[in-house]
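# Overview (structure and organization)
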Amino acid sequence: MLPVGTPHPFHPFVATIDLAALPADATDLPLPPDGRLLLFAYPEDFGDLTDMGNVVYVPAGAAVEERDKEGWAWFENDDEYQEVFAQFPQDTLRATVDVSLPYHHWVEIPEEPRWVPLPGHPRSEELADVWAETYDDIASSGRLRLGGYADQEAVDTDPVGRAMTCALREAEAGRREPVSDDLADWVLLAEWDPWIDGLEGATVHWSIQRADLAARRFDRAFTTVFRNP
């Protein structure tokens with residue numbers, strides 16, 4: 001169900017989050033207290049820094065209209081895409097609250113060919129190593145997560161930093177509005193491990209600027225996909 005007049009999202013439908021059903025302070029994000037958050041993505045990395053998803057916020061009480069969740073013309077005649085989409089989970093989401101600590105300890109600096117520790121974490125490498133050894137015994141591994149720190153396989157760099165870099169390049173090319181180049185201005189909105197045959201090792205990350213989150217500008221989120229086949 002999308003607000004009346006909203007353009008049909010370019011990417012496939014993943015999930016609807018009922019924000020009013022989330023416990024108070026369940027995340028580290030200033031999410032709206034009600035309404036629904038719709039997530040869209042295709043869990044593949046095409047290697048060209050492409051935005052691979054959409055986020056739509058439906059305010060409580062907004063006039064909505066039903067759309068065909070399989071109505072994505074860009075792959076409707078492609079058997080491979082259809083096989084992937086047919087495996088998207090159809091379960092009802094149930095929220096739990098868990099601790100989240102950094103899985104990664106480096107972030108790329110867009111202006112320079114180097115890596116630096118995560119902002120605010122001068123001992124980030126040590127902390128990430130300790131967390132990697134203990135999180136399986138502490139936190140659940142649900143397929144969809146809101147807020148916290150991003151996870152992915154095999155890479156020590158922060159996926160939110162990669163989203164910032166991609167968004168900066170998109171802005172420089174004139175394909176989106178200007179964005180901040182300070183990682184402290186960005187947060188992880190959501191993360192999804194689809195566990196789909198043929199796309200094993202894929203993780204989807206929806207990242208957003210803090211200012212856009214506060215302004216309910218979910219259309220300015222940037223979606224990246226990490227895949228370790």
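Note: the structure precedes this text.
Report on the accompanying structure. The model shown is predicted, which means the values in this text are computed figures rather than measured ones. (Residues numbered from 1 in each chain as written. Predicted model: local features only at pLDDT ≥ 70, side-chain atom pairs only at ≥ 80, totals over all residues. Heavy atoms only, no water.)

## Here's the deal with the overall build of the protein
Stated formally: The numbering of helices and of strands both runs from the N terminus, where a helix is a DSSP run of H or I of at least 4 residues and a strand a run of E of at least 2. Atoms counted for the radius of gyration: C-alpha only. Globule rule: 2.2 Å times residue count to the power 0.38. Between buried and exposed lies partly exposed: a residue is buried under 20% and exposed over 50% of the maximum accessible area for its type, with that area taken using a 1.4 Å probe on protein chains only. Contact between two residues is taken to exist if any of their heavy atoms lie within 4.5 Å; hydrogens are not considered. Surface accessibility follows the Shrake-Rupley procedure with a 1.4 Å probe radius. Residue values consider only the protein chains on display as shielding. The sign given to each residue is positive for Lys and Arg and negative for Asp and Glu; His and the chain ends receive no count. Taken as the charge location is NZ of Lys, CZ of Arg, CG of Asp or CD of Glu.
Assigned secondary structure in the protein consists of four helices and eleven strands. The C-alpha radius of gyration of the protein comes to 17 Å, within 12% of the 17 Å expected for a compact globule of 229 residues. Judged by the C-alpha coordinates and their principal axes, the protein covers about 50 × 40 × 35 Å. When each of the 229 residues of the protein is scored for burial, the buried share is 41%. Looking at the protein alone, contacts between residues at least 24 apart form 65% of all its contacts between residues at least 6 apart. Counting every atom, the protein has about 12,300 Å² of accessible surface; 49% of that belongs to carbon and sulfur. Across the protein, 17 positive and 44 negative side-chain charges occur, with their mean positions spaced 5 Å apart.

## So, the sheet that holds strand β11 (residues 222–227)
The line we're drawing: At least two DSSP bridges between two strands are needed for those strands to be called paired. All axes are obtained by fitting lines to C-alpha atoms, using only the stretch in contact for helices, and the reported angles, taken between N-to-C directions, cover 0 to 180 degrees.
Taken in spatial order, the four strands line up as β8-β9-β10-β11 in an open sheet, and their pairing is antiparallel. Bordering the open sheet on either side are β8 (144–146) and β11, each of which pairs with just one other strand. Averaged over all pairs of adjacent strands, the angle between their axes in this sheet comes to 25°, without regard to strand direction. Both β8 and strand β9 (residues 186–192) contribute to a ladder of three bridges, which runs antiparallel.

## With respect to the nonpolar core
Defined as follows: Buried Ala, Val, Leu, Ile, Met, Phe, Trp, Tyr and Cys residues form a nonpolar core when they are joined through side-chain atoms within 4.5 Å.
Counting residues in each nonpolar core, the largest one holds 30 residues, and the members touching the most others are V14, L37, V55, L189, W206, L213 and F218. Counting only elements with at least two residues in this core, the list comes to β2 (13–18), β3 (36–41), β4 (53–58), α1 (79–85), β9 and β10 (202–209). Ranked by residues supplied to this core, first place goes to β9 with four residues. Among the nonpolar cores identified, the runner-up in size contains 15 residues, and V107, L118, C166 and L168 belong to it.

## Thoughts on the sheet that holds β3
Here we have three strands laid out as an open sheet, ordered β2-β3-β4, and antiparallel in their pairing. The strands lining the two open edges of the sheet, one partner per strand, are β2 and β4. Adjacent strand axes in the sheet meet at a mean angle of 15° when their direction is disregarded. Judged from the six bridges that link them, β3 and β4 form a sheet pairing that is antiparallel. Counted as the bridge partner of L37 is Y57 from β4.

From the geometry alone we can't say anything about function, so treat these as descriptive.
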